[in-house]
Amino acid sequence: MRQNSSADDDILIQSLLKSNESPTEEQRAHIRVKLQRLEEDFANKAGRAFAADLCHEAILSHRALLSSVRNVPEEVWQRVFFFEVVNEAGVFHNTDSLRKICAVSRRWRSAAMKHCYLWTKIPPIFLIDPNTKTLPHVIEDLELYLSRSGALPISVNCHISADVCVAHRNHIEKITRLLTDQSHRWQDLRMRFPLPEMKMLSPIQNNLPLLTKLDFAVKATDSESPEDHPREIKISYFSNAPLLRDARLSSRHAIPLMDIEEEPAFRIELPWSQLETFEDEARCTTSYHDLIEAQPVNLKTLDITASLIPELPSTPCTLPNLEKLHLKVGNLGTTIASNLDLLTLPSLTSLAVRGRFLSSDPLYTKVLALLRRSGCSLKHLELEPVAADASVFSNIFLLSPTIETLDITNPDTSTLTSLILDTSSPSPVLPKLKNLTIRNSEMDGQIVIFDAPALMRMIKSRTEELAEGGFDKDLIHQLEDVSFAFDSDDTFHLHTVLFEMEDTATYDGSRVRDTSLGELASRSRRILRDELTCYWHPRMSYLNVKLHLRYNKLLSKLEQVDLAKHNSQVLMRRGLPYLLRYLGDMPKGTVPGDRVFRFRRRARKLNKKWKPFILRDIRSTPYRWSYSGESIVTLRYLRPGDENEEEDEHELWQEVLGLRSRDLHAMRLFTPWL
């Protein structure tokens, strides 16, 4: 009888060891008796009591069964699960971990299933490929999360292409119906939906009581006929959302490209008067007109990027809380500049205005009037190139001494001179300027050449001249970087040469500039940029042995350069490390002659060979060049002793190769699809 009882206990213990279930009190009593017997047997054989640091599998496993972890209350486990799937900002970041949690034990599964909040972020629904086989699983997951989230508000991220709608209409209709049936619980919605199927969303009309954040994009197929569209496309499903505060719209890809003057305007109706943040990316949109006419007093951010705004507001508008106004539109510059006369923005700190401006348009005059009328002081200013008196620019700077980020195009000599920092002045110009972007673009068909001496004087006045101290660091900040963005790479190359001719010591320190190395760097840059790193080549270029020998000769000359005897800064200014890294990363079979001459491998080896010398020369001067892309480069200044010697070598090399650079899209022109 006792033997049968012992066998039953062993079976019970083995079953508990295979799970995370908590033993009952009766089971705990059996485990304690068995544990005591095991420890006595160990003491008799070992001659001493069992200690926790000893290895005895049976004793340790029985002690584990009595661990307090098995008695953790369900509510505590639910809190632990919450921290596993939600980050510090309260954003779900690890949805898949819920499946793993539920697979650990029945107890964990039960605790997770009862905690509705864990299931309120619906797994992302990305249906792009019409050949997808996952639709049944998507529906299953969707039903699971909707049922387990109870009645709590939910977050939805859904991206459905038109091709998938055509290929799997029944499945898409079911997914859409499951979502729209719960629209009264939508709190955060991120959706990409095809225009031809927009009627599937009609059930959400007047049924969005909890929606606070909206990111909505209208998509379409390229096969649609533009003639099928009316002059205005209206979407009103989100017009009645009483809690909506943050809205982002995109209709840029809603219809095939056509003449912008004939393109239909998108009118997506929202509760405009209650919005706090609004962004729109479109080809033709009425959102700016509708928003300004509604005069939302709590609006803080307004960012419009559009090819055309068919109707501009005509009503004067005061937005007391607006901090950011970015208008990047394809309308004629005169209409955009004149529209600024209607605005009064006392809280404005960030202003960007871009459009189809002529050099004669009064943009700067209108911006100056806006600042005077509003009584605001900017921290960020980004303007399109137009001709203006130096006094207008100076007055803008005087009204906004707090500017930290400045983005200007084609600054003339007077503008550059006005930006020279005089620390002895009682009111220095832009004393807090940290980031400066200078763009170069043709004006009225003419190439613009900067005044290199004035530009260098301005940069030095805000960098190395401040290193001497003697000023209030709370009032005056050092310029951290100057970013250059050129429309033409040839024009950019011309300017780097002009900068070198103006002041070699600024870049090369005490070393003498090597003219022959500079010529080789310029020639190499042109071939690397225009030929070797192109993703498309004529078919005959892969068979042109003469061309391959020319490339091989160039790489051979670069491989013969001895940087132990030369300064490598000229290679940095020409962007050779960046271009060689780009060549080394090119896909196999895309570089003519690479099969024989191994250009990609040699480019990687060349960068590896140059690395110690480039890092040596970078640390010898406070000025650093780093490339972000073609014709986009940043010049940074580091005061001697700041972080030159201490900076991590890997991060510094990443910067040299253009892998730590600023966002390319922020540097490009405002509407690249125009």
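The rules behind each value
Residues numbered from 1 in each chain as written. Predicted model: local features only at pLDDT ≥ 70, side-chain atom pairs only at ≥ 80, totals over all residues. Heavy atoms only, no water. Helix = DSSP H or I, 4+ residues; strand = E, 2+ residues; numbered from the N terminus. Buried < 20%, exposed > 50% of the residue type's maximum accessible area, 1.4 Å probe, protein only. Areas by Shrake-Rupley, 256 points an atom, 1.4 Å probe, with all protein chains shown as cover. Core = buried A, V, L, I, M, F, W, Y, C linked by side-chain atoms within 4.5 Å. Contact = heavy atoms within 4.5 Å. Axes fitted to C-alpha atoms, helices over the stretch in contact; angles between N-to-C directions. Parallel < 35°, antiparallel > 145°, perpendicular 65-115°, else oblique. Nonpolar A, V, L, I, M, F, W, Y, C, P; charged D, E, K, R; others polar. Pairing = 2+ DSSP bridges. Patch = residues over 30% accessible without salt bridge, like charges linked within 9 Å, V, L, I, M, F, W, Y side chains within 5 Å. Salt bridge = Lys/Arg side-chain N within 4 Å of Asp/Glu carboxyl O. Phe/Tyr/Trp six-rings, centres within 6.5 Å; stacked < 30°, edge-to-face > 60°. Lys NZ or Arg CZ within 6 Å of the ring centre and 35° of its normal. Expected span 1.5 Å × (residues − 1). pLDDT = per-residue confidence, 0-100. Lys, Arg positive; Asp, Glu negative; His and termini not counted. Charge placed at Lys NZ, Arg CZ, Asp CG, Glu CD. Polar contact = N/O pair within 3.5 Å; in protein donor to acceptor, adjacent residues only side chain to side chain.

*Asks:* Honestly, the overall build of the chain in this entry has me stumped. Any pointers?
*Replies:* Along its length, the chain carries 25 helices and 19 strands. Expressed as a percentage of the 674 residues in the chain, the buried residues total 51%. Carbon and sulfur atoms make up 51% of the accessible area of the chain, which totals about 32300 Å².

*Asks:* I'm lost on the nonpolar core in this one. Help?
*Replies:* Inside soluble globular proteins, nonpolar side chains tend to come together where they are buried. By size, the foremost hydrophobic cluster in this structure holds 165 residues, and its most contacted members are F216 and F278. When residues of this core are assigned to their parent elements, the largest contribution, seven residues, is made by helix 23 (residues 599–620). When residues no more than four places from it in sequence are discounted, the contact partners of F216 are M191, R192, F193, M198, L201, I235, F238, R248, L249 and S250.

*Asks:* When you look at the packing of helix 23 against helix 24 (residues 649–656) in this model, what are you seeing that I'm missing?
*Replies:* Packed helices, taken two at a time, are described by their axes: the angle between them and the distance between them. Packing of helix 23 against helix 24 brings their axes to within 11 Å, and their N-to-C directions diverge by 100°. The angle between the axes of helix 23 and helix 24 places the two elements in the roughly perpendicular class. Counting all contacts with helix 23, which are made through N607, K611, I614, L615, I618 and R619, the residues of helix 24 involved are E649, L652, W653 and V656. Residue classes in the contact of helix 23 with helix 24 are distributed as six nonpolar, one polar and three charged.

*Asks:* Looking at this structure, how should I read unusual backbone geometry?
*Replies:* Trans peptide bonds make up the majority, and among non-glycine residues the majority have a negative phi. The backbone phi angle of Q295 is positive, close to 50°, even though this residue is not glycine. Relative to the helices and strands, Q295 resides in the loop between helix 10 (287–294) and strand 9 (301–308). On the accessibility criterion, Q295 (28% relative accessible area) is partly exposed.

*Asks:* Would you mind going over the side chain of T491 with me for this structure?
*Replies:* Structurally, T491 is set in helix 16 (residues 489–502). Residue classification places T491 among the buried positions, given a relative accessible area of 7%. Apart from the residues within four sequence positions on either side, T491 is in contact with N440, I447, V448 and F486.

*Asks:* In this structure, what is going on with the environment of L528? I would like to understand it.
*Replies:* For L528, the position within the fold is in helix 18 (residues 515–532). By relative accessible area, which is 0% here, L528 ends up buried. Residues contacting L528, with those up to four places away along its chain left out, are T533, L576, L579, L580 and L583.

*Asks:* I keep staring at helix 15 (residues 452–461) and nothing clicks. Help me out?
*Replies:* Helical geometry: 3.6 residues make up each α-helical turn, so side chains three or four residues apart lie on a common side. Here helix 15 lies mainly inside the structure; seven of its 10 residues are buried. Buried within helix 15 we find A452, A454, L455, M456, M458, I459 and S461.

*Asks:* Explanation requested: the pairing of strand 19 (residues 632–637) in the structure shown.
*Replies:* Where a strand is regular, its side chains alternate between the two sheet faces. A large share of strand 19 lies buried, amounting to six of its six residues. In strand 19, alternate side chains face the same way, and those of I632, T634 and R636 on one face and V633, L635 and Y637 on the other are all buried. In this sheet, strand 19 lies alongside strand 17 (residues 481–486) in antiparallel orientation, the contact comprising five bridges. Across the sheet, residue S483 finds its bridge partner in strand 19, namely T634.

*Asks:* Just to check I follow, could you spell out a nonpolar patch on the surface for this structure?
*Replies:* Taken together, the side chains of I447, I449 and L494 present a nonpolar region at the surface, about 270 Å² in accessible area. Secondary-structure assignment places I449 in the loop between strand 16 (435–440) and helix 15.

*Asks:* Help me out: how do you make sense of the packing of aromatic side chains in this one?
*Replies:* The description of two aromatic rings rests on the distance between their centres and on the angle between their planes. Scanning all chains against the criterion turns up 12 aromatic pairs. Measuring from centroid to centroid gives 6.2 Å for Y578 and Y582, while their planes differ by 40°, and the two rings are tilted. Residue Y578 and its partner Y582 are both found in helix 21 (residues 576–584); the two are separated by four residues, about one turn of the helix. Joined through ring pairs, the aromatic side chains of Y364, F393 and F397 make up one cluster. Across the ring face of W119, the terminal group of R148 is positioned such that the distance to the ring centre comes to 4.7 Å.

*Asks:* Explain the pattern of salt bridges here, please?
*Replies:* Oppositely charged side chains can form a pair if their charged atoms are brought close together. The tally for this structure, following the rule as stated, stands at 25 salt bridges. For R616, the salt bridge identified is with D617, shortest N-O distance 2.8 Å. Counted as one network, the salt bridges with shared partners bring together K328, R354, E382, E384, D407 and R439.

*Asks:* Quick question: what am I supposed to make of the packing of helix 4 (residues 74–85) against helix 6 (residues 106–114) here?
*Replies:* Contact geometry for helix 4 and helix 6: axes closest at 9 Å, N-to-C directions at 75°. Looking at the two axes, helix 4 sits roughly perpendicular to helix 6. Residues E74, W77, Q78 and F81 of helix 4 touch helix 6, and the partners they reach there are R107, W108, S110, A111, A112 and K114. Looking at the contact of helix 4 with helix 6 residue by residue, the classes come out as five nonpolar, two polar and three charged.

*Asks:* Can you walk me through helix 12 (residues 363–374) in this structure?
*Replies:* For helix 12, with 12 residues, the first-to-last C-alpha span of 16 Å sits near the 16 Å given by 1.5 Å per residue. The set of residues buried in helix 12 consists of L363, Y364, K366, V367, L368, L370, L371 and S374. Lining the buried residues of helix 12 we find helix 11 (333–339), strand 12 (343–344), strand 13 (350–356), strand 14 (380–383) and helix 13 (390–399). A positive backbone phi angle near 70° is found at G375, which sits one or two residues after helix 12.

*Asks:* Whenever I open this one, the environment of L466 confuses me. Can you help?
*Replies:* One can find L466 in the loop between helix 15 and strand 17. Remark: the alpha-carbon pair of L466 and L479, spanning 13 residues in sequence, is separated by 9.3 Å. With residues up to four places along the chain from it excluded, the contact list for L466 reads L421, T423, S461, F471, I476, H477 and Q478.

*Asks:* For this particular structure, what's the right way to read the confidence of the model for the chain?
*Replies:* Close inspection of predicted coordinates is inappropriate for parts of the model with low pLDDT. Per-residue pLDDT for the chain has a mean of 82; in total, 81% of the residues score no lower than 70. Under a pLDDT of 50 for its full length, residues 663–674 has, in the predicted model, 34 contacts with residues more than four places off or in other chains.

*Asks:* Can you walk me through a positive patch on the surface in this structure?
*Replies:* On the surface, a cluster of positive charge is contributed by K588, R595, R598, R601, R604, K605 and K608. When you line up the elements, R598 lands in the loop between helix 22 (594–597) and helix 23. In this structure R598 comes out as partly exposed when scored by relative accessible area, which is 36%.

*Asks:* Explanation requested: the side chain of R525 in the structure shown.
*Replies:* Here R525 is to be found in helix 18. Looking at R525, the relative accessible area reads 5%, which means it is buried. Residue contacts for R525: discarding those within four places in its chain leaves D489, F492, H493, R574, L576, L579 and Y627.

*Asks:* Would you take a moment to explain the environment of S149 for this structure?
*Replies:* As for its placement among the helices and strands, S149 is situated in the loop between helix 7 (135–148) and strand 2 (154–160). Through-space distance from the C-alpha of S149 to that of C116 is 4.3 Å; in sequence the pair is 33 residues apart. In this structure S149 touches C116, W119, T120, I154 and R185, once residues within four positions along its chain are discounted. At 3.0 Å, the side chain of S149 and the side chain of R185 are in polar contact.

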